[in-house]
Structures are given as C-alpha cells and as structure tokens.
Amino acid sequence: MPLIKNQIIPLTIDSLSNDGSGVGRFEGMAVFVPFTAVGDVLEVRIVKVCKSYAFGIIARIVIPGADRIPAECAIFGKCGGCCFWHLSYAAELRAKQGFVADAMQRIGGLALPVREILPSPQPARYRNKVQYPLFCAEDGSVRTGFYASRSHRPVPCADCLLQPRLLNQIADTVCTLLTKYKISVYDERTHRGLARHLYLRHAVTTGRVLVCLVCNGRRLPHAEEICAALCAAHPEVESVVLNVNTKQTNVVTGAQCIPLHGPGVLRDTLRGVPVALDPLSFYQVNTEGASRLYGVAAELAALRPSDTLLDLYCGAGAIGLSMAAQCKRLIGVEIVPEAVENARRSAAEMGFSHAEFLCADAGEAAGKLAADGLLPDIVILDPPRKGCDADTLDAVLRMAPRRVVMISCNPATAARDIQYLTARGYMAEAIQPVDLFPRTKHVECACLLVRSEQAVSAI
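Residues numbered from 1 in each chain as written. Predicted model: local features only at pLDDT ≥ 70, side-chain atom pairs only at ≥ 80, totals over all residues. Heavy atoms only, no water.

1. A look at the side chain of Asp40
Turning to step 1, where the next piece is worked out: Along the polypeptide, Asp40 turns up in the loop between β4 (29–33) and β5 (41–49).
Turning to step 2, where the next piece is worked out: When its relative accessible area of 0% is taken as the criterion, Asp40 is described as buried.
Turning to step 3, where the next piece is worked out: Among the polar contacts listed, one links the side chain of Asp40 to the side chain of Arg68, at a separation of 2.6 Å.
Turning to step 4, where the next piece is worked out: The residues touching Asp40, leaving out its near neighbours within four places in the chain, are Leu11, Thr12, Ile13, Ile63, Pro64, Gly65 and Arg68. (Helix = DSSP H or I, 4+ residues; strand = E, 2+ residues; numbered from the N terminus. Buried < 20%, exposed > 50% of the residue type's maximum accessible area, 1.4 Å probe, protein only. Polar contact = N/O pair within 3.5 Å; in protein donor to acceptor, adjacent residues only side chain to side chain. Contact = heavy atoms within 4.5 Å.)

2. Side note on the pairing of strand β14 (residues 266–270)
Turning to step 1, where the next piece is worked out: Going residue by residue along β14, you find Leu266, Asp268 and Leu270 tucked away on one face and Arg267 and Thr269 left uncovered on the opposite face.
Turning to step 2, where the next piece is worked out: Where β14 meets strand β15 (residues 273–277), five bridges bridge the pair, whose relative direction is antiparallel. Across the sheet, the residue bridging to Arg267 is Ala276, located in β15.
Turning to step 3, where the next piece is worked out: Counted along the chain from β14 to the antiparallel partner β15, the turn is two residues long, and its residue Arg271 has a positive phi close to 50°. (Pairing = 2+ DSSP bridges.)

3. Quick look at the sheet that holds strand β9 (residues 154–156)
Turning to step 1, where the next piece is worked out: Pairing within the open sheet is mixed, and its seven strands lie in the order β9-β8-β7-β10-β11-β12-β13. Unpaired on one side and paired on the other, β9 and β13 (256–261) mark the two borders of the sheet. Neighbour-to-neighbour, the strand axes of this sheet turn through a mean angle of 35°, independent of strand direction.
Turning to step 2, where the next piece is worked out: Where strand β7 (residues 129–136) lies against strand β8 (residues 142–147), three bridges are found, and the strand directions are antiparallel. Within the sheet, the bridge partner assigned to Leu134 lies in β8 and is Thr144.
Turning to step 3, where the next piece is worked out: Strands β7, β8, β10 (195–202), β11 (209–215) and β12 (237–244) of the sheet are contacted by helix α2 (residues 165–180), whose axis makes an angle of about 150° with β10. (Axes fitted to C-alpha atoms, helices over the stretch in contact; angles between N-to-C directions.)

4. Re the packing of helix α8 (residues 390–399) against helix α9 (residues 411–422)
Turning to step 1, where the next piece is worked out: Where α8 contacts α9, the axes come no closer than 11 Å and their chain directions differ by 35°. The hand of the α8/α9 crossing is right-handed. Contacts from Ala390, Leu393, Asp394 and Leu397 in α8 reach Asp417, Tyr420 and Leu421 in α9.
Turning to step 2, where the next piece is worked out: Partitioned by chemical class, the residues of the contact of α8 with α9 number five nonpolar, no polar and two charged. (Left-handed = near helix turned anticlockwise from the far one by under 90°. Nonpolar A, V, L, I, M, F, W, Y, C, P; charged D, E, K, R; others polar.)

5. Brief notes about empty space enclosed by the protein
Turning to step 1, where the next piece is worked out: In this structure the tally under the stated criterion is one cavity of 30 Å³ or more.
Turning to step 2, where the next piece is worked out: Estimates place the volume of the largest cavity at around 50 Å³.
Turning to step 3, where the next piece is worked out: What lines the largest cavity is Arg267, Pro274, Val275, Ala276, Asn342, Arg345, Ser346 and Glu349.
Turning to step 4, where the next piece is worked out: Those elements that provide at least two residues to the lining of the largest cavity are β15 and α6 (337–350).
Turning to step 5, where the next piece is worked out: With four residues, the top contributor of residues to the lining of the largest cavity is α6. (1 Å grid on protein atoms, 1.4 Å probe; cavity = no way out; pocket = protein on both sides within 12 Å on 5 of 7 lines; lining within 4 Å. Points joined across faces, edges and corners; volume = space filled by probe spheres on them.)

6. Focus on the state of the cysteines
Turning to step 1, where the next piece is worked out: This structure, assessed with the given rule, holds zero disulfides.
Turning to step 2, where the next piece is worked out: Not part of a disulfide, Cys50 finds its nearest cysteine sulfur in Cys83, a span of 20 Å.
Turning to step 3, where the next piece is worked out: This cysteine, Cys212, is not joined by any disulfide, and Cys257 carries the nearest cysteine sulfur, 5.6 Å off. (Disulfide = S-S within 2.5 Å.)

7. Overview of the pattern of salt bridges
Turning to step 1, where the next piece is worked out: Counted by the stated rule, this structure contains 18 salt bridges.
Turning to step 2, where the next piece is worked out: The salt bridge partner of Arg208 is Glu238, with a shortest N-O separation of 3.5 Å. Within this pair, whereas Arg208 is found in the loop between β10 and β11, its partner Glu238 is found in strand β12, the two being separated by 30 residues in sequence.
Turning to step 3, where the next piece is worked out: On the basis of relative accessible area, Arg208 is assigned to the partly exposed category, the value being 30%.
Turning to step 4, where the next piece is worked out: One salt bridge in this structure joins Arg402 and Asp307, with 2.8 Å as the shortest N-O distance. With Arg402 in the loop between α8 and β20 (403–408) and Asp307 in the loop between α4 (287–301) and β16 (308–312), the pair connects residues that are 95 residues apart, well separated along the chain.
Turning to step 5, where the next piece is worked out: Overall, the relative accessible area of 2% leaves Asp307 in the buried class.
Turning to step 6, where the next piece is worked out: One network of salt bridges, in which partners are shared, links Glu92, Lys96, Asp435 and Arg439. (Salt bridge = Lys/Arg side-chain N within 4 Å of Asp/Glu carboxyl O.)

8. Let's talk about the pairing of strand β19 (residues 378–381)
Every regular strand shows the same layout, with side chains that alternate between the two sheet faces.
Turning to step 1, where the next piece is worked out: The two faces of β19 match: Ile378 and Ile380 on one face and Val379 and Leu381 on the other face are all buried.
Turning to step 2, where the next piece is worked out: Inspection of the sheet shows β16 paired to β19 by four bridges, in the parallel sense. Bridge pairing links Leu310 to Val379 in β19.
Turning to step 3, where the next piece is worked out: For the segment spanning β19, α8 and β20, crossover handedness is right-handed. (Right-handed = clockwise from strand over helix to strand, strands pointing away.)

Interpretation note: all reported values are geometric properties and have no functional meaning in isolation.
Below, the structure is given as structure tokens:
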C-alpha cells in the first residue's frame with residue numbers, strides 16, 4: 001500500500017543523509033525525517049510523498065537512539081540554521097566524515113580512504129560573524145532572530161549558541177537603541193522601513209567587534225547618539241558602519257559602506273596573517289577551525305623554497321599568505337576588488353615582496369596565466385560551494401603543477417572536480433575533512449592531488 005500524506009508510520013532511523021535528515025525505510029521506501037538520530041525508533045507523520053521516497057516529521061520518539069542528547073538551543077527545530085543539536089558531537093563528526101566519504105566514492109569514483117575528521121576547536125560559540133534579520137515585535141520593539149527553514153518568517157532568538165555571548169548581547173543593545181530612537185524596520189513586502197539587518201563581526205585575536213546596520217537608505221537618524229550609547233555599553237565595539245541596501249532583494253548587504261564610528265574595518269590575525277575586514281570581506285566564520293584547516297592545506301602542499309604557489313579563489317589571501325614564507329613566489333587570484341586590496345595590504349604588512357594578487361575571475365586568470373607560460377609548482381583551489389568551472393580546471397591541467405590542494409565546503413562539488421582532474425592525469429592522495437561548522441550540515445575538506453608520471457611524460 002503506498003504512503004499517503006498525514007499517515008502515521010513506525011520507522012527506525014538507519015543513517016543520516018547529507019542534508020542532516022535521518023533516513024529509514026518503510027516497506028522498501030526511503031523516508032527522510034529531520035532532527036533524528038541513528039537508532040531512533042519513531043512514529044513518523046508523512047508530510048510529502050514522491051515516487052520512490054517520502055518526507056516525514058517526528059510524531060513521537062518511541063525509543064531514542066544512542067547518539068541522541070537533549071538539545072541545548074531553545075529554538076532548535078524552529079530556526080533554519082542548525083540541524084544537529086540533538087546529536088552528541090562525536091556522532092555529528094562521524095556523520096560528516098560519512099558525508100565526505102560517500103561523495104568521494106559515489107561522485108568522485110575514489111576508493112581512497114578518507115582521513116579521520118578533525119573537530120572544531122570549539123563545538124559552540126565559534127562563529128566570528130552573524131547576520132540577524134531585524135523585525136518589529138507585537139509590542140512595537142525591534143527584535144533580532146533568524147528565519148525559519150525555507151521561509152522569511154522570523155524566529156526570535158535572544159541567545160544563539162553558535163555566536164559568542166558578546167555578539168548576542170550587542171545585538172540586544174542595538175535593538176534597544178533602535179526601539180528608543182524609533183528607527184523603522186524594513187518590510188520586504190512594501191519595501192518600506194529603514195533597518196534591514198544587523199551584521200556583527202568579532203576579531204578572535206583582539207576581542208574587538210564591528211557593528212554594521214544594513215539600511216534601506218544612506219542615513220541613520222540619531223546615528224551619533226546610537227553609536228555613543230552602543231560603545232559606552234560595549235567598549236569592545238571598534239567600528240560602526242552603515243551598509244546601504246535599497247534593492248528589493250534577498251541579498252543581505254549592498255555595495256556601499258559608510259563608517260559612522262571608528263575606522264570602518266576590523267583587524268584580526270589568522271594563522272599569522274593580518275587581515276582588515278569590512279562588512280563585504282570574505283572571512284572564514286570559525287577562526288580557530290580555519291587555522292586548523294589552513295595548517296592541513298600547508299601540510300598537503302609540502303612547499304619547497306624554490307616553488308611558485310598559485311592561490312585561486314584566494315579571497316583576502318589568508319591561505320596563500322600563511323604559506324608565503326615557504327615559497328619563492330606567490331600569486332593570488334580573486335574576483336572581489338576589496339578582498340584583493342586586503343590581500344595586498346596584508347602582504348605589504350608582512351614584508352612579502354614576492355607575493356602578488358590579481359583581481360580577476362579565477363577561470364579567466366588561470367587561462368591567461370597558462371597561456372603566458374606560468375608553470376606553478378603548487379596550485380591551491382578554494383572555490384565557492386558551486387565548485388570550480390571547467391575553464392579553471394582545464395587551465396590548471398595546462399599548467400601541470402606538481403600538486404593541487406583543493407579546499408571545499410561542499411564535498412559533492414569537490415568530488416566532481418576531483419574526478420575531472422583524476423581522469424586527466426592526477427591522482428588523489430589524501431582527503432582530510434575538517435569541521436568548521438558544528439551543529440550545521442556543512443563540512444570542509446582539504447584534498448591533495450598529485451600529478452602522475454603519465455601526465456609528466458605528456459607535457
């Protein structure tokens with residue numbers, strides 16, 4: 001008998017899918033149920049039926065799985081951010097290692113064993129950045145929260161456990177000040193109202209904070225009073241910035257930033273690399289976890305003093321610059337102009353005259369460098385979630401580096417790109433998962449590909 005919507009079925013969870021949902025089988029059909037643990041014996045309400053699988057929600061936990069723990073977060077399951085607060089961290093790490101291994105075998109066709117996942121130094125309070133949507137509560141006060149899953153319905157959140165307590169406290173103070181000075185809140189249905197998002201960045205090495213208000217306009221009424229009161233309440237606040245976003249869009253930030261207090265940037269250090277961050281700069285959200293990941297990348301790169309290192313999708317240059325002392329020449333490529341300027345400033349501050357950074361699309365720049373005869377010894381690829389495009393990978397193949405180190409936050413696209421390279425003369429030698437995003441479904445991995453002897457003879 002086929003499943004039908006709202007039917008209650010018994011289900012035992014056998015595994016976790018790469019979106020964090022538990023998977024069980026009912027009369028041969030896979031049923032995906034969020035917020036479940038392996039070994040859970042459940043009663044499940046079916047909410048959607050497809051041809052060969054179905055989706056359900058927990059109606060009742062009959063017997064909890066061994067890995068299930070009480071969720072610490074008060075809004076877990078309501079907010080659209082986390083999916084693993086109900087699991088022990090050890091179980092979450094096992095699941096994420098499985099996500100990487102499955103993608104590498106199923107998509108990449110690799111039989112190479114995946115190294116044991118490296119945990120985040122902090123499984124909670126690890127994020128150095130938060131973007132809160134602002135909304136108006138029933139009593140007229142301004143509140144922060146997060147959107148419910150697959151919606152723009154705000155869920156109030158007084159203390160997100162992924163952020164340091166300081167950031168949550170600063171958010172509360174900002175809301176109090178916006179309420180006091182009657183700053184209107186943006187309504188995406190009418191495109192009216194001023195304050196859209198509150199965006200906070202925290203420098204782990206200094207403890208300083210950048211506060212950014214994303215506004216539907218270029219002016220914040222009572223800006224001087226708001227900045228003074230905020231900095232008096234939280235001396236850690238170093239800069240307050242207004243980001244202008246007047247577009248009818250779901251994108252959080254606009255292109256223009258206007259400093260209201262302080263220098264408008266936040267200085268931090270990541271694996272010895274000084275960085276200056278504004279609201280538009282890319283920066284790994286888990287500083288200590290990123291330092292661990294970049295250490296793995298350096299180990300896999302195994303640079304020699306005579307090497308040329310090409311860092312594609314380099315962002316603010318932290319990965320390449322953290323290795324620059326070990327090579328003869330560093331070339332970084334990034335499409336975001338502000339990030340390139342940040343990378344150049346960091347290189348100058350570190351005294352690295354052998355480091356240069358190009359503002360260009362990674363694929364186009366790689367193609368031009370290959371056409372110009374650049375033969376880097378090591379290439380680092382750190383693409384966005386969609387992975388590398390074929391032009392970039394083809395240019396890397398033409399340059400024929402000794403080693404390629406790929407860093408990815410999406411095991412599926414990493415496996416696809418690795419398969420492309422291994423089919424054309426490279427061998428995968430190491431796959432190291434690193435957890436930078438505890439309690440969420442995301443996982444980073446660093447992968448090493450080495451040029452084969454057959455590829456050498458073809459050059």
